[in-house]
Structures are given as structure tokens and as C-alpha cells.
There are 2 protein chains.
Amino acid sequence: MKYFTLPTTSDTPEAVVLGAGNYPQHALPLASLHRCPFVVCCDGAADDYSNRQGATPIAIVGDGDSLSETARTRFPDRLFLDPTDQETNDQTKGVRYCLAQGKTSITILGATGKREDHTLGNISLLMEYMNQGVDVRMITDYGVFTPASGDATFQCYPRMQVSLFNFGAIHLHGEGLSYPLRPFNNWWQGTLNEATGDQFVVHATGKYLVYRAWDYPTASRNGTKR
Amino acid sequence: MKYFTLPTTSDTPEAVVLGAGNYPQHALPLASLHRCPFVVCCDGAADDYSNRQGATPIAIVGDGDSLSETARTRFPDRLFLDPTDQETNDQTKGVRYCLAQGKTSITILGATGKREDHTLGNISLLMEYMNQGVDVRMITDYGVFTPASGDATFQCYPRMQVSLFNFGAIHLHGEGLSYPLRPFNNWWQGTLNEATGDQFVVHATGKYLVYRAWDYPTASRNGTKR
């Protein structure tokens, strides 16, 4: 059965796609960003990445409308900008670049925060990347999103806050979680579950998205409880 | 046909539920917060509200786990805390309090940012409130979410960025938008549309959620394009 570990600060992702959402602040996404040798930046994220990390992106994708002239001048050979493609978002352009370079294990950073419709879109696109065979996860300042299909085991710690979003699974149940799973219809129904031990298992027919949060229970703070 | 206006800085909401997500910073949500005479705070949001606005919440709901002792001491008569109810999230507790007080038009603020699973849950709960007959909208620093059902008209401005999330509508099409609508399956598919004039119409059989963003196109910045 597939086993999904938790990120650690010693992970070295094969490839990172850095979006222009909130720039990572938490130690876990920052470690992946610092250690990864293959960072593809979405448009304006290239400015943050080069300024804050003093690093050079492998590639800069997007339509260029938020990229500084400085970055354009500094990284002329790294620009893969396509202002004409309005059908594909920058995150997906970054993932496609990685795949074209033979990188099939991809960590997505900087994809949430700011406009909520971008956040929702970027999160839900993880399901599409999984469908294309990409081994993908999204690490934020608050947790990690992992798309999955069928039965899978997830590393966690006791009382870790877990949310599951159903993307068409017709059967869903869990082991090692405080609340039962079912084929939820609405997003909120699978939120704020809690792990009981150091791993939990999801049994599913179909696809779903798992979110594991770093912090200990603070559910009520802006809380979505089941 | 139902007409959904854009928020203005002179709106005075009948009731506000202030969540403990990112505290409002943009002029539009802040104006609603400042002008509303009936502000229900979710747990720790009461501290921010009283400290930043020098105001007194009508009520403080939640399980109290993030509320300061100062606030508990300061507003003993405003506390409606229920640590035992783990099935309902704080935003919903706030909405229920408003309904119990006869307030059926509710503006939700401070509901996004921080943990992404909370953000997803809080946004999707708007559909449940609409089902219960609440006239509800969620105003963030980046835009406004409005749940709707059937045909509706939405105020906008030319080139305003619009996203539509399908919550079970079997027929969907639009007028006054740059890209066609259809009964989308995945969240990202309805994101990053654009208004062509000062209003757009959604024709639907079923329910959906509309997001109108304040800013002019910056789609590629953390972009979800169609």
C-alpha cells in the first residue's frame, strides 16, 4: 500500500515549483526550497526567490506580467514565458516544465494565500497532476496537501489535525482517525479530523486529497469542525 | 432575477461574523467591520476585534480555546462558549447566534488565511447557510464570495476577475463573461474568468459559488487560469 511520509527539514525535493502566493515562512517549506537543486519559479516568484535566497531559478514560467525587468535582465536564458497561453495557470506551466525535464517527483510551494480563487484552483489542480502520473505534494506554512487514490497510509503523529477532501471517491473509510470518513459531498464535511497514532490509513474507491496540519489542535481559531 | 451588488465602504451590514483567520486589512472588509453594529466574534477573534477596534463584540462564540483571559474577564456577559460541541465550527456557531437573534443578512469576515483546510471549510459552508435561507456573503482582503442558486445577476466592472465554483449545478452558462461557463467538475475549471461590463448573469440549474476579486488582472502571480 502506498505510504505518504511527512515532510522533514532534511528532505531534498527532486523539483520544486514555487508559486507567487505567500512566500514560504515555515521551516518545512523553506527547507525544501533551500535544499532543492531544481526550482522552477512562477513569474513574479522569481524575484522573491532570487532576492531572498540569492539563488537562480532553473526556469521562470508564466506570462511575465508580474516579473520585474531586473529578473528579465538577470535571467534572460531562464525565461520560458508565454503571454498567449491564458488557458493554463502558472503552477501547471511549472509542473509541465518539470515533466519535460524528466522530473516526475514535484513539491509545490508558495501556492496558497492571497487571492482565494487562486488558492482553491492551485489546490484542486493537484488532482490533475496525480492523474498525469506526477508524484506531487504541496507544502504550505500550515500543512501538506497530498492527492491520493485508492487505499493509502499516511505518516502523522498523535492528535495531528487531518482533513480529507473527496474528489469523487464512492467509498471512503479510515483507520487511525478520530472521526469516521464517508464519501463526503461538501468540502467542510471531511475537515478537522484528528490522528490517533503515528499513521492512519484511508480505504477508498476513487480519489481524494489529504491535508495534514503542522500545528497541534487550534481548530476553533478559525475553525472548521466536523 | 436576484441581483448581487459589490460591497462598498459605505455598507452597514446587519450582522458580521468575524472569524479568527487573517484579520481584515483591505478597506472593503474593514469598512463593514467598522460600520456594523452587530459583530459576533469567533473565539480568539474577540481579542483582535476589541484590541484593534476598541469595540465590544455582541457575542463571542466557539469553544474558548483561543480566547484570552483578558477577554473572558472583560466580556463575561458576552461569552457563549461551548467546549463540548466539536461537531460545529466556530463560523457556523456565529451564524447560528445571528439567526437566533433574528439577523438573517450576514457578512462573514476573517474567515480565510492561515490553515488552508479551515479556509476551504469556511468557504464551502456558505452553501449550507444559503440552504438555510441566510442572505450571506464572505468578504476577504482579495474579493467577495457569494453563494447563489438558479439565475442571478452580479454587479462588477469591466475586466473584473471572476471565478465560479460549481456546487452541483447541472446546467451553467453565463452572459457578460469572457469565458463560457459549464457544469464544472473540478474547482479550478471555473476560476479566472473575466467580466466584460458592469454586470454579468449566471444561468444555472442548481447551486454555485461566485467569487469577484478586487484587483485588476494579476492572474499569473499565483495564477489559476482557465
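What you see is a predicted model; the values in this text were computed from it and never measured. (Residues numbered from 1 in each chain as written. Chains lettered and ligands numbered in written order. Predicted model: local features only at pLDDT ≥ 70, side-chain atom pairs only at ≥ 80, totals over all residues. Heavy atoms only, no water.)

## Observations concerning the overall build of chain A
Rules: A run of H or I in DSSP counts as a helix once it spans at least four residues, and a run of E counts as a strand once it spans at least two, with each numbered from the N terminus. Here the radius of gyration uses the C-alpha set of atoms, whereas the globule reference equals 2.2 Å times the residue count to the power 0.38. For the exposure calls, accessible area comes from a 1.4 Å probe over protein chains only, and a residue counts as buried if that area is under 20% of its type's maximum, exposed if over 50%, partly exposed in between. Residues are treated as being in contact if the distance between any of their heavy atoms lies within 4.5 Å. The accessible surface values rely on the Shrake-Rupley method and a 1.4 Å probe; as for residues, cover is taken only from the protein chains in view. For the charge count, each Lys or Arg is scored as positive and each Asp or Glu as negative, with His and the chain ends excluded. The atom standing in for a charge is NZ when the residue is Lys, CZ when it is Arg, CG when it is Asp and CD when it is Glu.
When helices and strands are tallied, chain A shows five helices and 14 strands. For a compact globule of 226 residues, the expected C-alpha radius of gyration is about 17 Å, and chain A comes in at 18 Å, within 12% of that figure. Taking the principal axes of its C-alpha atoms as reference, chain A extends roughly 55 × 30 × 30 Å. The burial tally for chain A puts 62% of its 226 residues in the buried class. The long-range fraction of contacts in chain A, counting pairs at least 24 apart against all pairs at least 6 apart in sequence, stands at 64%. Surface accessibility of chain A: about 8400 Å² in total, with carbon and sulfur atoms responsible for 48%. Within chain A, one finds 19 positive and 23 negative side-chain charges whose respective centroids are separated by 5 Å.

## So, the pairing of strand β10 (residues 161-166) of chain A
Residues and elements named next belong to chain A. This is how it is decided: Here, a strand pair is defined by DSSP locating no fewer than two bridges between the strands.
Summarising burial for β10: five of the six residues are buried, a large majority. Bridge analysis of β10 against strand β12 (residues 193-194) gives two bridges, and the strand direction is antiparallel. Looking at β12, one finds that Q161 is bridged to E194. Bridge count between β10 and strand β14 (residues 207-213): five bridges; the pairing is antiparallel. What sits directly across from V162, in β14, is R212.

## Thoughts on the relation of the copies chain B and chain A
This is how it is decided: Superposition of the copies was done by least squares, using only C-alpha atoms of residues whose pLDDT is at least 70 in both.
In screw terms, the move from chain B to chain A is a rotation of 180° and a rise of 0.0 Å along the axis, fitting with an RMSD of 0.0 Å. Taken together, the turn and the small shift mark the pair as related by a two-fold rotation axis. Of every C-alpha in chain B, the one belonging to B:G113 sits nearest the axis of rotation, 3.1 Å from it.

## Thoughts on the packing of helix α4 (residues 90-100) of chain A against helix α5 (residues 116-131) of chain A
When two helices pack together, their arrangement is given by the angle between the helix axes and by the axis-to-axis distance. Residue and element names in this part refer to chain A. Under the convention used in this document: Lines are fitted to the C-alpha atoms to define the axes, a helix being fitted only along its stretch in contact, and any angle between axes, read from their N-to-C directions, falls within 0 to 180 degrees. The crossing is said to be left-handed when, going from far helix to near helix, the turn is anticlockwise and less than a right angle, and right-handed when the turn is clockwise. Residue classes follow a fixed rule: Ala, Val, Leu, Ile, Met, Phe, Trp, Tyr, Cys and Pro count as nonpolar, while Asp, Glu, Lys and Arg count as charged, and any other residue, Gly among them, counts as polar.
Where α4 meets α5, the axes come as close as 10 Å, and the angle between the chain directions of the two elements is 30°. The hand of the α4/α5 crossing is right-handed. Contacts between α4 and α5 involve Q91, T92 and V95 from the former and N122, L125 and Y129 from the latter. Of the residues belonging to the contact of α4 with α5, the class tally is three nonpolar, three polar and no charged.

## A look at the pattern of salt bridges
Using the following cut-off: The salt bridge criterion pairs a side-chain nitrogen of Lys or Arg with a carboxyl oxygen of Asp or Glu, the two atoms within 4 Å.
In this structure the tally under the stated criterion is 14 salt bridges over all chains. As a salt-bridge pair, B:D11 and B:R137 come within 3.0 Å of each other at their nearest N and O atoms. In this pair, B:D11 is assigned in the loop between β1 (2-4) and β2 (15-18) and B:R137 in strand β7 (residues 135-139), connecting sequence segments 126 residues apart. Salt bridges sharing common partners tie together A:R115, A:D117 and B:D215.

## Describing the interface of chain B and chain A
It is common to give the size of an interface as the accessible area that goes away when the parts come together. Which entries qualify depends on this criterion: The term buried area means the drop in 1.4 Å probe accessible area that two parts suffer when joined, counted for both and summed. Any pair of nitrogen or oxygen atoms within 3.5 Å is treated as a polar contact; in protein, a donor-acceptor pairing is required on top of that, and neighbouring residues in sequence qualify only through side-chain atoms on both sides.
Taken together, the 55 residues of chain B in the interface contact 56 residues of chain A. The junction of chain B with chain A conceals about 4900 Å² of combined surface from both sides, 52% of it contributed by carbon and sulfur atoms. One salt bridge in this structure joins A:R115 and B:D215, with 3.3 Å as the shortest N-O distance. Our count for the chain B to chain A interface comes out at 18 residue pairs in polar contact (both at pLDDT 80 or more). Of all the secondary-structure elements, those providing two or more residues to the side of chain B that touches chain A are α4 (90-100), α5 (116-131), β8 (143-149), β10 (161-166) and β14 (207-213) of chain B. At eleven residues, α5(B) tops the list of elements feeding residues into the side of chain B that touches chain A. The residue inventory of the side of chain B that touches chain A, partitioned by class, reads 18 nonpolar, 23 polar and 14 charged.

## Section: unusual backbone geometry
The phi dihedral of A:K114 is positive, around 60°, even though this residue is not glycine. Along the chain, the position of A:K114 falls in the loop between β6 (105-109) and α5. Overall, A:K114 belongs to the partly exposed group, its relative accessible area being 26%. Non-glycine residue B:D43 carries a positive phi angle of around 50°.

## A few points about the side chain of A:E194
All names here are of chain A. Within the secondary structure layout, E194 lies in strand β12. For E194, a relative accessible area of 17% translates into the label buried. In terms of polar contacts, E194 uses its side chain to reach the side chain of R159, at 3.5 Å. Here Q161 takes part through its side chain, which lies 2.7 Å from a polar atom of the side chain of E194.

## Side note on the packing of aromatic side chains
To be explicit about the condition: Classification of ring pairs uses Phe, Tyr and Trp, with its six-membered ring standing for Trp, and accepts pairs whose centres are within 6.5 Å; under 30 degrees between planes counts as stacked, over 60 as edge-to-face, and the remaining range as tilted. Here, over-ring charges are defined by two tests on the NZ atom of lysine or the CZ atom of arginine: distance to the ring centre within 6 Å, and angle to the ring normal within 35 degrees.
Under the defined criterion, the tally for this structure stands at 19 aromatic pairs over all chains. Measuring from centroid to centroid gives 6.4 Å for A:W187 and B:F165, while their planes differ by 90°, and the two rings are edge-to-face. Here A:W187, found in the loop between β11 (171-175) and β12, pairs with B:F165, found in strand β10, and the two come from separate chains. Here the two residues A:W187 and B:F165 agree in accessibility, since each one is buried. Here the aromatic residues A:F145, A:F165, A:F167, A:W187, A:Y211, B:F145, B:F165, B:F167, B:W187 and B:Y211 are joined through ring pairs into a cluster of three or more. Positioned above the aromatic ring of A:F38 is the side chain of A:K103, whose terminal nitrogen or guanidinium carbon lies 4.8 Å from the ring centre.

## A word on the nonpolar core
Where we set the bar: Side-chain atoms within 4.5 Å link the members of a nonpolar core, which is a set of buried Ala, Val, Leu, Ile, Met, Phe, Trp, Tyr and Cys residues.
Counting 147 residues, the largest nonpolar core has A:L18, A:I108, A:Y208, B:L18, B:I108 and B:Y208 as the members making the most contacts within it. Not counting chain neighbours up to four residues away, the residues in contact with B:I108 comprise B:V17, B:Q91, B:V95, B:L126, B:Y129, B:V136, B:R137, B:M138 and B:I139.

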